[in-house]
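# Summary of the model geometry
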Amino acid sequence: MFAAERRQLILEMVRANGAVSLRELARVVQTSEVTVRRDVRALEAEGLLDRRHGGAVLPGGFTRESGFPQKSHLATAEKTAIADLAANFVEEGEAIVVGAGTTTQELARRLARVPGLTVVTNSLLVAQALAHANRVEVVMTGGTLRGSNYALVGSGAEQSLQGLRVSRAFLSGSGLTAERGLSTSNMLSASVDRALVQAAAEVVVLADHTKLGTDTMFQTVPTDLITRLVTDEPPAHDDRAATELQALADQGVQIAVAGASGSPGGDTVPARPQQRRDVPLPSPRRGQVPGGTPSPLRAATALGEQPPGTERPRVADMRRR
C-alpha cells in the first residue's frame, strides 16, 4: 500500500470512530506502528487529525465524543497507573460516587478489595467491575442508557442523586484545563457529572496527561471545585501538560502524579489554596462536614504531602528527575 493510500485509510478510520489507537491503525493498514506514527504526524501537519499518546483523534477540542471501544485502547498503561494511585485515597467503610469512563472503570476494579465500601455510580462498567466484590455495596442511579459509554444519563439519573451526600466523587472527562476545569463532549454526560459533584464533599479527577490542556464543549467541574487531580507524569517533551499541571496547582488543586519519583505511590505538585475562589454549593464545602468542623478526610495527611515549610519540587523539576 502506497503512503497516500495508507493515510487516506487512516483518516477514514479516525473520522468514523473519533479516536483510534496506533496499534489498531497498524493492524488495519498492515504496516508497523513506526510507519503509522509517521503517517499520523503528516496528517496532523495538514490539520486533518490530532495526535494523542498512543493514537489519533479528530482535530480540535470541541469534537464529538468517541465511544468506549476507541477510548479503551488509548493510554492504557497511564490509566492503570492512575487507578492504582487513586485507589489509595479510598478508605474502608467510605461512601463514594464514581462516574463513567475507562479510567474510572480501572479504579473500580481496584475498589473491589476495599471492605465496607458503598459505591454510587451511573456507569454499568463500574458496576460490573464491582458486581462480585463480597463487601462492596453498589448503588446504581436511574436514567437512560447511553450505549457509547455504557452510562445512565438524563433526568432519571439526576433525580436519583438529589439529597445524596458522600465523602468524595471520582470523575474523569474528555479534557482538563486550569482555566475551565474538567469538560466533556456530551451534554447529557456533563449534566449527570455535575449532579455527582453536588453530592460529594470532595472531588477527585482522574485524567491522564493527554487530556491536560484540552478543552471540550461542556464544562462538568470548574477548577474551583476540584480537590485533587490524579494523573501520570507527562513526557519530557510535553511542555503543554507540564504547564497545565502547574497552573492547576497554582489554583489550589492537589496533584498526585502516578509513577513519579519521590513519595510512595506517586509525587505531588505544590498547591496554592489561597488562590481558590469560594463557590456556593448546595452540599457541604469540600473538606468540611456540617457545622464547620474539618473533615477527617481533609485533615488526614495526603499521599506524598510534605511537612509544613518543606518545599516541594515544581512540575518542571519533576520532569527533569
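Residues numbered from 1 in each chain as written. Predicted model: local features only at pLDDT ≥ 70, side-chain atom pairs only at ≥ 80, totals over all residues. Heavy atoms only, no water.

### A few points about helix H6 (residues 102–111)
Each full turn of the α-helix corresponds to 3.6 residues, which orients residues three or four apart in the same direction. By the criterion of burial, H6 is predominantly enclosed, with nine of the ten residues buried. When we look at burial in H6, the residues that qualify are Thr-102, Thr-103, Thr-104, Gln-105, Glu-106, Leu-107, Ala-108, Arg-110 and Leu-111. (Buried < 20%, exposed > 50% of the residue type's maximum accessible area, 1.4 Å probe, protein only. Helix = DSSP H or I, 4+ residues; strand = E, 2+ residues; numbered from the N terminus.)

### Quick notes on the pairing of strand S9 (residues 166–171)
Among the six residues that make up S9, six are buried, leaving the element largely enclosed by the rest of the structure. Pairing of strand S4 (residues 95–98) with S9, which is carried by three bridges, proceeds in the parallel orientation. Note that in S9 the partner of Val-97 across the bridge is Ala-169. As paired strands, S9 and strand S12 (residues 200–206) are joined by five bridges and run parallel to one another. By the bridge assignment, Val-166 is partnered in S12 with Ala-200. (Pairing = 2+ DSSP bridges.)

### So, helix H3 (residues 33–45)
Along its 13 residues, H3 runs 18 Å from first to last C-alpha, staying within 8% of the 18 Å computed at 1.5 Å per residue. Taken together, the buried positions of H3 are Thr-35, Val-36, Asp-39, Val-40, Ala-42 and Leu-43. Viewed end-on, H3 has its buried residues packed into an arc of 160°, placing them on one side of the element. Of the exposed residues in H3, those oriented more than 90 degrees away from the buried face are Val-34 and Ala-45. Of the residues trailing H3, Gly-47 is marked for its positive phi of about 75°. (Expected span 1.5 Å × (residues − 1). Arc of directions from axis to C-beta.)

### So, the packing of helix H5 (residues 76–86) against H6
For the pair H5 and H6, interaxial distance at closest approach is 8 Å and the crossing angle is 50°. Viewed along their axes, H5 and H6 adopt a mutual orientation that is oblique. Pair H5 / H6 crosses with right-handed handedness. Contact with H5, carried on its side by Lys-79, Thr-80, Ile-82, Ala-83, Asp-84 and Ala-86, involves Thr-102, Thr-103, Glu-106, Leu-107 and Arg-110 of H6 and no other residues of that element. Among the residues forming the contact of H5 with H6, the class breakdown is four nonpolar, three polar and four charged. (Axes fitted to C-alpha atoms, helices over the stretch in contact; angles between N-to-C directions. Parallel < 35°, antiparallel > 145°, perpendicular 65-115°, else oblique. Left-handed = near helix turned anticlockwise from the far one by under 90°. Contact = heavy atoms within 4.5 Å. Nonpolar A, V, L, I, M, F, W, Y, C, P; charged D, E, K, R; others polar.)

### Considering the sheet that holds strand S11 (residues 181–184)
Here three strands make up an open sheet; going across it, the order is S10-S11-S13 and the pairing antiparallel. In this open sheet, the two strands that pair with only one neighbour each are strand S10 (175–177) and strand S13 (218–221). Averaged over all pairs of adjacent strands, the angle between strand axes in this sheet comes to 35°, irrespective of strand direction. In this fold helix H9 (residues 187–198) packs onto S11 and S13, with an angle of close to 20° to the strand it touches most, S13.

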